[in-house]
Structure formats: C-alpha cells, structure tokens
Amino acid sequence: MDQQENLVNELNNITTEGQNPNTLDIDLLDSLGVLKKINTEDKKVADVVEQLLPEIAKAVDMIVDAFSVGGRLIYIGAGTSGRLGVLDSVECPPTFSVSSEQVIGILAGGAGAMYKAVEGAEDNKQLAIGDLTAINLSNKDVVVGIAASGRTPYVLSAMQFAKAQEATVIGISCSANNNYATHTDVNLCAVVGAEALTGSTRMKSGTAQKLILNMLSTASMIRSGKSYKNLMIDVNASNKKLYARAVRIVMQATECDFATAEQALAEANNQTKLASLMVLTGLDVKSAEIALLNNKGFLRKAIELG
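Here goes a summary of the coordinates provided. In this text, all values refer to a predicted model and were calculated from it rather than measured experimentally.

## Focus: the overall build of the protein
From N to C terminus, the protein includes 13 helices and 5 strands. Its C-alpha atoms put the protein at 75 × 50 × 35 Å along the principal axes. Burial statistics for the protein: of 306 residues in total, 45% are counted as buried. In the protein, the share of contacts with a sequence separation of at least 24, taken over all contacts with a separation of at least 6, comes to 64%. A total accessible area of about 15400 Å² is found for the protein, and carbon and sulfur atoms account for 51% of it.

Structure representation (structure tokens):
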C-alpha cells in the first residue's frame, strides 16, 4: 500500500472528511434551498462549542497565567486553521493595546500563505520547529495548535516541539484524534460533524475554530484587566474611527459629555483607560497612572483606590 493510499484510508476515519447525509441533494436545490441547508448545519456549531466551555475556561486560565509572567499566546496552524489564528492575533493590538508580540499567529508557509496556498507547507514537520525557534519559544508561552482534522503534520510537530520546550500546549480540532490529544495540556475538540460540502472545513469547522479563538483571546484579555464593564477600555486610538470609539467609550464609562472626554483623552495621550480613570476620580495624569499600575491595570480596582 503506497503513501497516497494510506492517506486516503486515513481520511476515511476523520470526522471532518465524512459525507453529510443531510446534504446529499444539495446540488439539486435552488439558491435559497442551498442556503437553508448550510444554515441548518451552521446552527449546530455553537451548541457543540458550548459543551467545551469548562475546558475552554481552563485554557483561558492558563493564558492569563502566562500573560502575568510575560508569556505569549502563540497560534500555529496551516491553511484555513492557521489563517484564523493569524486573524485573531492581529486584532489584539488595536482592540486591547497590547504589543504585537504578546499574541502571535504563525501560518505554515509564512505571510504569503494568507493569500495563496504554499505547496507542502502543512506536511513539513521541520518547518514548524523552525517557525517556533525563530520566535524564541520559551516555557512561559502558550502554544495553540489549530487543525480541523487533528492530524496536520506541521501542527502536530509544532505541538510536540512546544511540549519539549515545556511550553503550555492547547489543541483546537474538529475531529477526535488520540495522537493530537496526547500532545496537549488542554484538548479543545469541537466535533461539529460532516460539512455541508464534504471536506470543506472552512465551513462548520472554521466557524467552530473562530468561536473558540475569539473566546480564548477575548476572555484572557478581560481577565487581564483589558475591559471595564463590557467596554473595550484599552482600545488603541490609532485612526479616526478608533479615536471616535475611544471618545465614546470614555463617555460611556464615565457618563461625561463629549468635550470632557476629548479633554481627558488629550491629557492622557489618548489612553482610554487612563482618561476614564481621571474623569471618574479627578486624579491627575501621574496619580492615575500610579493607581492603574498599583492595581495591575484593572480600572474597577483603581477607581476604588482613587
């Protein structure tokens, strides 16, 4: 039996490669009929992710602990899975004013693979080790391996290497795989079932991965003091839209008027959280900075101190 035949047989046992009995007639339907079939399958995804919430919470706690000692959150994957990791990572600096080095997305094949598939990258085990070595992976870091199938060689290699470096390893997959689970501290396996279009894991599997990634980063940032109530209190006002959002957040957080919010932001060098604390407590810039520092960036605690 040659290597290709082995792979075909292997795919037969992967949930994400199964043929969905509910969509066998999808090619006979009109546009609305096709969309109804897809939508029916999509509705199942959130319920599957809900079952994983206790495990996702464990993963969040690990990420928060890593952040507290200077560790990083590192997503690594190939194809759609890797692109989703990159997407989540690049949204963290503008949303939470963190360094682009705190949450990192690594895609098999490099930046060019975001736009065009790089032949053979997902099968290259050594490439994964090189990619993690290049960012100086340490035991303070959390590595999240993302692979819908749970078998991608690039991702498995990355996870094995990360474990050898004593980093924390979290796995996100959509097909149960004991080999994948073996290399993780937390295994987040969202078995969403066969896709509406057989093997198209950018659909339900991609949606499940996106939901989990959103939870990991957002919950970890909230638990690290990056929100006040449900406001993005650390938003980085780096363009006109984000500056307008920062003004509005200060107004929402403090119930002040537009002019007061703008003045506070100007004094706080456009730092939304600092400006809000100044308005809420009457502290000057220096005193407000000290209050936030003493309370590890948690605005609620700093307000009580002020």
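## A word on the packing of aromatic side chains
For the structure on display, the rule yields 0 aromatic pairs. Seen from the ring of Phe-298, Lys-301 lies directly overhead, with NZ or CZ sitting 4.7 Å from the centre.

## A few points about the pattern of salt bridges
Oppositely charged side chains are able to pair whenever their charged atoms sit close together. The full count for this structure, using the stated rule, is 9 salt bridges. With its nearest N and O atoms 3.3 Å apart, the salt bridge here joins Asp-25 to Lys-37. Taken together, the residues span a long stretch of sequence, with Asp-25 in the loop between α1 (3-11) and α2 (31-50) and Lys-37 in helix α2 at a distance of 12 residues. Its relative accessible area of 31% is what places Asp-25 among the partly exposed residues. Across the pair Asp-234 and Lys-273 runs a salt bridge whose closest N-O atoms are separated by 2.9 Å. Taken together, the residues Asp-234 in the loop between α8 (204-223) and α9 (240-254) and Lys-273 in helix α11 (residues 272-281) connect sequence positions 39 residues apart.

## Topic: the pairing of strand β4 (residues 168-173)
With 5 of its 6 residues buried, β4 lies for the most part within the structure. Where strand β3 (residues 142-146) and β4 come together, 5 bridges link them in parallel fashion. Bridging across to β4, Gly-145 finds its partner in Gly-171. Read as a crossover between parallel neighbours, the route from β3 over helix α6 (residues 153-164) to β4 is right-handed. Examined bridge by bridge, β4 and strand β5 (residues 186-189) share 4 bridges and lie parallel to one another. Within β5, the position partnered with Ser-173 by the bridge is Cys-189.

## Some thoughts on the sheet that holds β5
Spatially, 5 strands are ordered β2-β1-β3-β4-β5 in an open sheet, and the strand pairing comes out parallel. Here the strands that pair on one side only, and so sit at the sheet edges, are β2 (103-107) and β5. Geometrically, the sheet is characterised by an average inter-axis angle of 15° between neighbouring strands, direction not taken into account. Strands β1 (73-77), β2, β3 and β4 of the sheet are contacted by α6, whose axis makes an angle of about 145° with β1.

## Here's the deal with the nonpolar core
By size, the foremost hydrophobic cluster in this structure holds 32 residues, and its most contacted members are Val-144, Leu-188, Ile-212 and Leu-216. Within the residue set of this core, elements represented by two or more residues are α2, α3 (53-68), β1, α4 (79-96), β3, β4, β5 and α8. At 7 residues, α3 tops the list of elements feeding residues into this core. Once you skip the residues sitting within four places of it in the chain, Ile-212 turns out to touch Val-49, Leu-52, Ile-56, Ile-172, Leu-188 and Ala-190. In terms of nonpolar packing, the next biggest core, distinct from the first, is built from 25 residues, Tyr-228, Val-247, Cys-256 and Ala-302 among them.

## Here we look at the pairing of β1
Along β1, 5 of the 5 residues are buried, which leaves the element largely enclosed by surrounding structure. Neither face of β1 is exposed, since Leu-73, Tyr-75 and Gly-77 on one face and Ile-74 and Ile-76 on the opposite face are all buried. Pairing of β1 with β2, which is carried by 5 bridges, proceeds in the parallel orientation. Paired with Ile-74 across the strands is Ile-104, a residue of β2. With 5 bridges connecting them, β1 and β3 associate as parallel partners. Looking at β3, one finds that Gly-77 is bridged to Ile-146.

## Topic: the packing of α11 against helix α12 (residues 285-294)
Put simply, α11 and α12 touch, their axes get as near as 9 Å, and they point 110° apart. Classified by the interaxial angle, the pair formed by α11 and α12 is roughly perpendicular. Taken as a pair, α11 and α12 cross one another with a handedness that is right-handed. Of the residues in α12, those in contact with Lys-273, Leu-274, Leu-277 and Met-278 of α11 are Val-285, Ala-288, Glu-289, Ala-291 and Leu-292. Grouping the constituent residues of the contact of α11 with α12 by class yields 7 nonpolar, no polar and 2 charged.

Rules and cut-offs
Residues numbered from 1 in each chain as written. Predicted model: local features only at pLDDT ≥ 70, side-chain atom pairs only at ≥ 80, totals over all residues. Heavy atoms only, no water. Helix = DSSP H or I, 4+ residues; strand = E, 2+ residues; numbered from the N terminus. Buried < 20%, exposed > 50% of the residue type's maximum accessible area, 1.4 Å probe, protein only. Contact = heavy atoms within 4.5 Å. Areas by Shrake-Rupley, 256 points an atom, 1.4 Å probe, with all protein chains shown as cover. Phe/Tyr/Trp six-rings, centres within 6.5 Å; stacked < 30°, edge-to-face > 60°. Lys NZ or Arg CZ within 6 Å of the ring centre and 35° of its normal. Salt bridge = Lys/Arg side-chain N within 4 Å of Asp/Glu carboxyl O. Pairing = 2+ DSSP bridges. Right-handed = clockwise from strand over helix to strand, strands pointing away. Axes fitted to C-alpha atoms, helices over the stretch in contact; angles between N-to-C directions. Core = buried A, V, L, I, M, F, W, Y, C linked by side-chain atoms within 4.5 Å. Parallel < 35°, antiparallel > 145°, perpendicular 65-115°, else oblique. Left-handed = near helix turned anticlockwise from the far one by under 90°. Nonpolar A, V, L, I, M, F, W, Y, C, P; charged D, E, K, R; others polar.

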